[in-house]
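# Architecture at a glance
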Amino acid sequence: MKLIKFQIKINIFLEEMETMMKRILCCMLAALAVSSTLVSCGDEKDRDVQTDNSSDMTPNAVDEGDGFVKDNLPDLDYDGRTVTFLAGIANDVVEFSTEEETGDVVNDAVFKRNQAVSERLNVELVFQEEPNTYNERATFVNKLTSSIMAGEKAYDAVAGYSMSIASLASNAMLLPLNDYSYIDFSKPWWSDNLLSQAKLNGKLYFASGDISTKMICSMFAVFFNKSLINDYNLDNPYELVLDGKWTLDKLIEMSTGIYSDVNGDGKKDIEDKFGFYGSQVFMDGFYFGSGLKVTDIATDGSPVISEDFRGVNGKIQSLLEKLTGFLHNSEDVYAPSYSNAPDHQLFIDNTILFSTLEVRYATSELRDVPFEFGLLPYPKFDEAQDNYYTTMSFPYTLYGIPLDAEEPEMSAAVLEALASESYRTVSPALFEIALKVKYSHDDDTAKVYDILKSSVVFDIGRVFNDSMGGMTYSIFRDSVVNNNPNWASTFASKQASLESAFENLTKNLD
């Protein structure tokens, strides 16, 4: 495996002929067949267990010769039918379509996936791409809703920003995916943890996993500047992670004593050197990274406010006290705020030791920084916590079938084929080659990517936060940003609204 990775690095650096790259890619995929680290993009187990897909594989479920699990789709021929997706674009991560092969491993993998599915099912895939960022999510929702209400039957499938798709589901605009036999949610290309958290009244209205490149790229991580680690003679962060000792207290300890008034103006500003920076959107990761949940599932399957979020066990209070004390009272922190602070730019400028960012930055804005960097999972609350837990940023993509889809079974077959093919081609290209080799400075970073990917957790309260007025993420986030560690009073002021939101979540679907 190391030799293959070394070959890939050399070929990327020298930009050798396309035929050579294809040969090496084939070798890489063959090696992956025997690798226990190959897991689907979102195939996380229950939050108390961290395993890979190999434990779910049986000899009869593996393709002879390549090691990948087969799908169960029969031979299907849709006579050249056009399958139209309403596809939401939230950032520059390639996911839906690409016009041609460019030599970029991820772009080319997406191109080949679409081509393979089109040929296999005899369909023409059309992705009608529309803006679908946080600020455009309502417009996206209204576009599909208006089309459905007008009886246009314009779209066979929909994919987009997680909040948008969840809103469509709660507004009864999507069909239940578990009604269609072509989609097999036992397969490794679908996210187990998301599936277990996203059901409403026993129905699953959207899914994701290897079908979405944004699932990997949207993972939260703590990036660190290796040069500054060495300059200050600090502990090796990778060793801390692998030894289970990467905790919030350790992050605070290592960030302390870093501040330097670089520009000499006598005040803290973005030109100075800091131990830590994290903007308000990344505060959510500390909550879930501490093993806390917003939602519990009642015995009747309905979502309810968790004991964690109610503050019953006191852990959220302790977490808030640590975070607010660190972020607002330490000179070593460039404090989070609701300003438009340039998150990645501060890290690029070599002024930050630790910074919270999405994984996608490793493949884009941070590619050409003049120093080596690494990345880590969010820290545990303490060493007694068994596992690390990773949160997704909201731009990850969810897939569904519109209520008025003309032939839902065909839509289901296309989703299953895209997910299955992505598992074989796109995820290995993105995860094993682009992230773990092309954009990693060492083997330890590759190990951390495995930890991140295997530790992603979802929470139904966070998934459906738009249906709950955003309270399921904003209450904790606001408490951190506004330096308010008094959780008991904060929760009490929102409790009635939260309980009403949880009760109303499934009413439209009764």
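Given the structure is predicted, the values throughout are model-derived calculations rather than measurements.

Quick look at the overall build of the protein now. A tally of helices and strands in the protein yields 20 helices and 11 strands. Restricting to contacts in the protein with at least 6 residues of sequence separation, those with at least 24 account for 77%. Carbon and sulfur atoms form 47% of the exposed surface of the protein, whose accessible area is close to 20200 Å².

Our next topic: the nonpolar core. Within the largest apolar cluster, 149 residues are counted, with the highest numbers of intra-cluster contacts made by Phe85, Phe206, Trp246, Phe309 and Phe354. Ranked by the residues each element gives to this core, the list is headed by helix H15 (residues 408-424), at 9 residues. Setting aside residues no more than four positions away along its own chain, phenylalanine 354 makes contact with Val222, Phe223, Phe224, Ile229, Trp246, Leu251, Met254, Ser255, Gly275, Phe276, Tyr277 and Leu376.

A word on the sheet that holds strand S1 (residues 81-89). An order of S2-S1-S3-S11 is seen for the 4 strands of this open sheet, with the pairing classed as mixed. A strand with exactly one partner marks an edge of an open sheet, and here the two such strands are strand S2 (123-131) and strand S11 (397-400). Taken over all neighbouring pairs, the strand axes of this sheet differ in orientation by 20° on average, direction set aside. Pairing of S1 with strand S3 (residues 157-161) involves 3 bridges; the strand directions are parallel. Along S3, the bridge assignment pairs leucine 86 with valine 158. Across the sheet, helix H4 (residues 137-149) lies against S1, S2 and S3, angled at about 155° from S1, the strand it touches most.

Turning our attention to the packing of aromatic side chains. One pass over the structure, following the stated rule, counts 30 aromatic pairs. Put simply, the rings of Phe220, Phe276, Phe282, Phe286, Phe326 and Tyr378 pair up and form one aromatic cluster.

Our focus in this paragraph is the sheet that holds strand S4 (residues 220-225). The mixed open sheet is built from 5 strands, whose spatial order is S8-S5-S9-S4-S10. Each edge of the open sheet is held by one strand with a lone partner, namely strand S8 (333-334) and strand S10 (373-376). Helix H10 (residues 248-255) rests against strand S5 (274-277) and strand S9 (352-358) of the sheet, and its axis sits at about 135° to S9. The strands touched by helix H17 (residues 443-454) within the sheet are S4 and S10, with S10 carrying the most contacts at an inclination of about 25°.

Next up on the list: the side chain of aspartate 272. Inspection of the secondary structure puts aspartate 272 in the loop between H10 and S5. Put simply, aspartate 272 is tucked away with no salt bridge, and the nearest opposite charge, on lysine 268, sits 8.3 Å away. Of the polar contacts made by the side chain of aspartate 272, one reaches the backbone nitrogen of asparagine 263; its length is 3.5 Å. Beyond its immediate chain neighbours, meaning those up to four positions away, aspartate 272 contacts Tyr259, Ser260, Asp261, Val262, Asn263, Lys267 and Thr351.

Applying the stated rule across the entire model yields 16 salt bridges. Glutamate 407 serves as the salt-bridge partner of arginine 81, at 2.8 Å between the closest nitrogen and oxygen. A residue pair is termed long-range when its members are at least 10 positions apart, and arginine 81 in strand S1 and glutamate 407 in the loop between S11 and H15 qualify at 326 residues. We classify arginine 81 as partly exposed; its relative accessible area is 30%. With a closest N to O distance of 3.7 Å, lysine 214 and glutamate 95 form a salt bridge. Of this pair, lysine 214 sits in helix H7 (residues 214-217) while glutamate 95 sits in the loop between S1 and helix H3 (105-121); the two residues are 119 residues apart in sequence, bridging distant segments of the chain.

All right, on to the environment of isoleucine 460 then. Mapped onto the elements of the fold, isoleucine 460 is located in helix H18 (residues 460-463). Judged by relative accessible area, isoleucine 460 falls into the buried class, the value being 0%. When the C-alpha atoms of isoleucine 460 and valine 304 are compared, they prove to be 9.5 Å apart, with 156 residues separating the residues in sequence. Non-local contacts of isoleucine 460, meaning those with residues more than four positions away in its chain, are made with Gln197, Ala198, Lys199, Leu200, Thr295, Ile297 and Pro303.

Looking now at the confidence of the model for the protein. Here the protein averages 85 in pLDDT, while 85% of its residues score no lower than 70. For the protein, the element scoring lowest by mean pLDDT is helix H2 (residues 18-32), at 38; H10 scores highest, at 98. Here residues 1-62 scores under 50 on pLDDT; set against residues more than four positions off or in separate chains, the count is 113 contacts.

The next subject is H17. Given a rise of 1.5 Å per residue, 12 residues ought to cover 16 Å, and the 17 Å separating the end C-alpha atoms of H17 matches this to within 8%. A large share of H17 lies buried, amounting to 9 of its 12 residues. The complete set of buried residues in H17 reads Thr445, Ala446, Val448, Tyr449, Asp450, Ile451, Leu452, Lys453 and Ser454.

Our next topic: the pairing of S10. Along S10, one buried face is formed by Phe373 and Leu375 and the opposite face, lined by Gly374 and Leu376, is buried too. Judged from the 4 bridges that link them, S4 and S10 form a sheet pairing that is antiparallel. By the bridge assignment, asparagine 225 is partnered in S10 with phenylalanine 373.

The packing of two helices is summarised by the inter-axis angle and the distance between the axes. Interaxial distance between helix H19 (residues 471-481) and helix H20 (residues 487-504) falls to 11 Å at its minimum, and their mutual angle equals 170°. In terms of their interaxial angle, H19 and H20 are classed as roughly antiparallel. Residues Met471, Thr472, Ile475, Phe476 and Ser479 of H19 form the contact with H20, whose own contacting residues are Trp487, Thr490, Lys494, Ser497, Leu498, Ala501 and Phe502. A per-class count over the contact of H19 with H20 returns 7 nonpolar, 4 polar and 1 charged.

Cut-offs used in this document
- Residues numbered from 1 in each chain as written.
- Predicted model: local features only at pLDDT ≥ 70, side-chain atom pairs only at ≥ 80, totals over all residues.
- Heavy atoms only, no water.
- Helix = DSSP H or I, 4+ residues; strand = E, 2+ residues; numbered from the N terminus.
- Contact = heavy atoms within 4.5 Å.
- Areas by Shrake-Rupley, 256 points an atom, 1.4 Å probe, with all protein chains shown as cover.
- Core = buried A, V, L, I, M, F, W, Y, C linked by side-chain atoms within 4.5 Å.
- Buried < 20%, exposed > 50% of the residue type's maximum accessible area, 1.4 Å probe, protein only.
- Pairing = 2+ DSSP bridges.
- Axes fitted to C-alpha atoms, helices over the stretch in contact; angles between N-to-C directions.
- Phe/Tyr/Trp six-rings, centres within 6.5 Å; stacked < 30°, edge-to-face > 60°.
- Lys, Arg positive; Asp, Glu negative; His and termini not counted.
- Salt bridge = Lys/Arg side-chain N within 4 Å of Asp/Glu carboxyl O.
- Polar contact = N/O pair within 3.5 Å; in protein donor to acceptor, adjacent residues only side chain to side chain.
- pLDDT = per-residue confidence, 0-100.
- Expected span 1.5 Å × (residues − 1).
- Parallel < 35°, antiparallel > 145°, perpendicular 65-115°, else oblique.
- Nonpolar A, V, L, I, M, F, W, Y, C, P; charged D, E, K, R; others polar.

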